[in-house]
Amino acid sequence: MPETTQIDLGGVWSLTSEGQSPDLSITIPGDVHSALQALGVIPDPYFGKNEAQVQWVAHQDWKLTRTFQLDIADLAGSWYLDLDFIDTVATIRVNGEMVLECDNCFRRYRPDVSKYLLAGDNTIDVILHSPVRAGKEVYDRQPFEIPWSKNCPIPYGNMLRKPACDFGWDWNIALAPMGLYGTVKLRKLDLARIEHVMVKQMHRPNGSVELDVAVTFFAVNPCVLPVDFDLDGEKVRIDVNVNAGETLVHQRFEIEQPRLWWPAGSGEQALYNVDVTIPGDHARRQVGIRTVELLTDKDEAGSRFAFRVNGREIFCKGANWIPADALFSRTSPEKTEALLKSAVDANMNMIRIWGGGTYEQDWFYDACDRLGLMVWQDFMFACNLYPSLPDYLDNVAIEVDYQVRRLSHHASIVVWCGDNELVGALSWYECSKKDRDRYLVSYDRLNRTIEVAAMKANSDVLWWPSSPSCGYLNFGDAWHADGSGDMHFWSVWHENESFDHYRTVKPRFCSEFGFQSYTSNLLVDGFSDRKDQNIASPVMEVHQKNVGGNERIAGTMFRYFRFPKDFPNFVYLSQIQQGLAIKTAVEYWRSLKPHCMGTIIWQLNDTWPVASWASLDYGGNWKAMHYQARRFFEPVNIFAIPSGDGSAIDIAIVNDRVTLTEVTAEFFTVSMDGRRTPLTSARGTCRPDASSTLISIPADSIPEGSLLAWFFTASDGSSGRGHHVTGTYKQLELEPSGLSARTTRRADGSHEIALSSKALALFVMIEASIEGRFSDNVLDLTAGESQTITFVPADSAAEAEFTIRDLYSCQTAE
Ligand code: BMA
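Calculation notes
Residues numbered from 1 in each chain as written. Predicted model: local features only at pLDDT ≥ 70, side-chain atom pairs only at ≥ 80, totals over all residues. Heavy atoms only, no water. Pairing = 2+ DSSP bridges. Helix = DSSP H or I, 4+ residues; strand = E, 2+ residues; numbered from the N terminus. Axes fitted to C-alpha atoms, helices over the stretch in contact; angles between N-to-C directions. Contact = heavy atoms within 4.5 Å. Phe/Tyr/Trp six-rings, centres within 6.5 Å; stacked < 30°, edge-to-face > 60°. Buried < 20%, exposed > 50% of the residue type's maximum accessible area, 1.4 Å probe, protein only. Lys NZ or Arg CZ within 6 Å of the ring centre and 35° of its normal.

Visitor: Hey, could you run me through the sheet that holds strand β13 (residues 193–203) in this one?
Guide: Sheets are built from strands paired through backbone hydrogen bonds, the pairs being either parallel or antiparallel. One open sheet holds the 3 strands; their spatial order is β13-β14-β17, and the pairing between them is antiparallel. In the strand order of this sheet, the two ends are held by β13 and β17 (245–255), each with one partner. Sheet twist, expressed as the average angle between the axes of neighbouring strands with direction ignored, equals 20°. Here strand β14 (residues 209–219) runs beside β17; their pairing, made up of 11 bridges, is antiparallel. When the sheet's bridge partners are listed, Val213 is paired in β17 with Gln251. Its contacts with the sheet place helix α5 (residues 390–407) against β13 and β14, and it is angled at close to 60° to β13.

The structure is reproduced here in structure tokens:
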């Protein structure tokens, strides 16, 4: 019989809790809420107003138990539990003996359990303590008041090292879930185990690269350990004298002419595999060769904020990433990778892993490496005041050390950032407003702990203290000051400013800005009954977590549009409006290149079906804005930017290519019956990686009641079109567009939709009754134009029905 070297403890465990039936069970890896839902103990938390009904779950302790067998022959030697994602405060016993008490879901735990194991049947139980009660205990021990975020209806989340958004957020359901995720194994330590593998790159002026593979082994007894290294087939074997405890070993590889890793859109994503093998253990690290610098040189406006990869400055286009789901059991690597792929498909090259969520699992970053998605990695602190007692900081330091060692080899990770909005939070709470000194010092203790631990783990990583931040030890207002550092520009959404207000700032790098919309009709149908499909119904209010969010959406519509005729059209128009807001910002800020070098939209994805700032629906379907984002993030495009005094419309060329680009454009005025009248044409160039002005069109050359429209082609082969309305859309006396659509189903299950229009059709959006992706959407058609769109359903066997909306039909009862 082969020797047992590991037992996967995944699978079905029994689940008990006070006052609950004794026959519950949970599938591990997984979370308690999903287990209870599968058993019918709780309803689907995401449906209707069910969130309130499931709140009791987080107020109880839950005990998970299972048995496993060990042969007497396997018993000898050293065994440990391998747990890398325990959510969160837990006590673990093996055969009744306590082997671990833990309180940080961002740390890995590997307790030795050898002396508790028995031949034959063994029992392991895990008590997951109520995060609310556990958080309160920490809260009560603090020497001064530390309130939790106003975003969180469930209290004390900031006391625990657990995703901040688990306790509710201005887009998240509040569940405070518990569970065992990631690796859940019992493993035998042969001679040693691999604790960490870090790979550093030294780039030489001649272009060659030295890779330093630093492996930390852990052994119980000193030994001579045979270690095999393999860099894409280049093999090295060494014998290492390993001590009891940890031993660090370096192995160097030379790569004479490395193939470089580039962000998406800038080159290929070349990757190398580094394998480390010892008896009984193996680790693989996927490595991309690249240099990265964060440029913060001083200039007239303040100081720059730009990433330079392989010597080339890259304009960062992307969105903020929040956890893939509010409940772990509903996630899968495939679903998550599809979301990341959608980012790249919309011409994004960066995601920011926001600090109120989680450090993602290894496969997530492997996917980002493959896709060319640069990752801005926050440490997991957001919008709260946090403890700074030594025990808390010690816990944080261990977490930071582990995460940096685990992840810093990834080519995709370009910067590590101390936190999300903790500087701002100092002025959001009564206590910290009254005594900023105390809370600022407390904050700096935490921030300093993170910085020191990160640098100690890997001095090569790029560090940025906080997002947003005007700069090192600068605690200024990076929500409004635009001269230096990264900016979170929220004035349009949170302060109710107009869309034009995006043009009043010139960020160096905008790492957050967003505008909400309702989630698509398809999802609304999934979480509500017809009777609740009203913009102000309590069910819709449960599915809107930002106080006043639904009013903001509706109020903005009053400002720019005529009010939609019914609920489904309200959903549609909310998405068009969202796209318009963000387009206004991105187009202007891209035109400021290289003054501005990044626009990271808040936010890419949703954790459940909710009205939010996301461009993807929960589940991954593209909302209107994601189709628009693909266009406003094109590497070469032209944008209409009204001049400050309103006398002209400046047409900017933006070029993210390494080559000079020539653009030819035709401009028209379009009257409300959809007729196009040629206005002017222009030809111009834009230097590599720059922006320039193609032409300035006098505003008075566009007759009242007409809008400006254009087509362009560029020397890189790209082309596009667009329109610009001076004033608001509600002022347009739109006429029936006479839109028609002919749909045919192809043999492969996809659908072809041939659209044609008799008059002007703005923001034409096709909605499907099933999940899937359109080849394009949110289109404009003028009189006599037609366009053919393909729809690829997620399930090729499913029948689809299509609804077609445009601006006229959405706001006019027939
Ligand atoms: C930013 C984020 C999140 C929040 C979003 C919308 O400040 O950091 O905390 O969800 O705004 O309000």
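Read on for the rest.
Visitor: Would you mind showing me how to read the packing of aromatic side chains here?
Guide: A full pass over the atoms with the stated rule returns 53 aromatic pairs. Ring plane angle 70° and centroid distance 5.3 Å describe the contact between Trp171 and Trp354, whose orientation is recorded as edge-to-face. With Trp171 in the loop between α2 (131–140) and β11 (179–180) and Trp354 in the loop between β26 (350–353) and α4 (362–371), this residue pair connects regions lying 183 residues apart in the sequence. Each of the two residues, Trp171 as well as Trp354, counts as buried. Residues Trp376 and Phe509 carry aromatic rings whose centres are separated by 5.7 Å and whose planes lie at 35° to one another, so their mutual orientation is tilted. Taken together, the positions of Trp376 in strand β27 (residues 374–378) and Phe509 in the loop between α9 (491–494) and β31 (510–512) put the pair 133 residues apart, joining distant regions of the chain. Per residue, the accessibility class of Trp376 equals that of Phe509, and both read buried. In textbook terms, an aromatic cluster arises when at least three aromatic residues are bridged by ring pairs, as seen for Trp490, Trp493, Phe499, Phe515, Tyr560 and Trp613. Sitting over the ring of Tyr80, Arg193 keeps its end group 4.1 Å from the ring centre. Cation over ring: Arg330 sits above Tyr46, and NZ or CZ is 3.8 Å from the ring centre.

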